[in-house]
Each structure stands twice: as C-alpha cells, then as structure tokens.
Amino acid sequence: MNKQKDHTHEVEKRVMAIPVRATDCCGFFKAREMVLIPRRECWYCIHGGFQRDTDDPHQPGVCKFNK
C-alpha cells in the first residue's frame, strides 16, 4: 500500500515543478468542484495536474500551485 507523502515544504519553496502521486498531499490542498467526497490527496486538488482522461490513481502528475 502506498503511503501518503506531504509536499507542503516543497510547495512553500517552489522553484520548479513538483512531481506528485495521486495519493500525496500538502497544506495548500483545495478540493476541486464537483467532487462528492474530496479526500485530502493531490488527485482531488485543483492544483494537481493529472491526465483526467484516465482513472488510474497510480499515474504520476505535477503540482500546479502558484504562490
């Protein structure tokens, strides 16, 4: 089972794109609209950049949070 990784420190000092997994999180989480039960994970965050045409939660993505 994958453990959730907290990326808060990396997002605070952002200097480049941060690779994330769908199950990761950070302190800047903001749930996407139209999500019935948002879990505090990058997959459900508006800043998470994942290919939405797939339902594979194991795909890599990037954090698109802007300061």
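Details of the structure are given in the entry above.
Residues numbered from 1 in each chain as written. Predicted model: local features only at pLDDT ≥ 70, side-chain atom pairs only at ≥ 80, totals over all residues. Heavy atoms only, no water.

Describing the nonpolar core
Taken as a class, soluble globular proteins show a tendency for nonpolar side chains to be buried jointly. In this structure, V11, I18, V20, W43, Y44, F50 and C63 are the most contacted members of the largest nonpolar core, which totals 14 residues. With residues near it in sequence (within four places) discarded, Y44 still touches F29, K30, A31, R32, V35, P38 and R39. (Core = buried A, V, L, I, M, F, W, Y, C linked by side-chain atoms within 4.5 Å. Buried < 20%, exposed > 50% of the residue type's maximum accessible area, 1.4 Å probe, protein only. Contact = heavy atoms within 4.5 Å.)

Some points on the pattern of salt bridges
Summed over the entire model, instances satisfying the criterion amount to two salt bridges. For D24, the salt bridge identified is with R21, shortest N-O distance 3.1 Å. Look at D24 and you get buried, because its relative accessible area is 2%. Look at R21 and you get partly exposed, because its relative accessible area is 33%. Close ionic contact of R39 with E41 constitutes a salt bridge, the shortest N to O distance being 3.0 Å. The exposure class of R39 is partly exposed, given its relative accessible area of 47%. (Salt bridge = Lys/Arg side-chain N within 4 Å of Asp/Glu carboxyl O.)

Considerations on the packing of aromatic side chains
Applying the stated criterion across every chain yields a total of two aromatic pairs. For the pair W43 and F50, a centre-to-centre distance of 5.4 Å together with 55° between the ring planes defines the contact as tilted. Among the residues examined, W43 registers a relative accessible area of 14% and is labelled buried. The exposure class of F50 is buried, given its relative accessible area of 9%. (Phe/Tyr/Trp six-rings, centres within 6.5 Å; stacked < 30°, edge-to-face > 60°.)

What about unusual backbone geometry?
Where the residue is not glycine, phi is negative for most of them; where a peptide bond is considered, it is trans in most cases. Even without being glycine, M34 reaches a positive phi, approximately 70°. By the secondary structure assignment, M34 is in the loop between β1 (18-21) and β2 (48-49). M34 gets classed as exposed once you look at its relative accessible area, which sits at 80%. (Helix = DSSP H or I, 4+ residues; strand = E, 2+ residues; numbered from the N terminus.)

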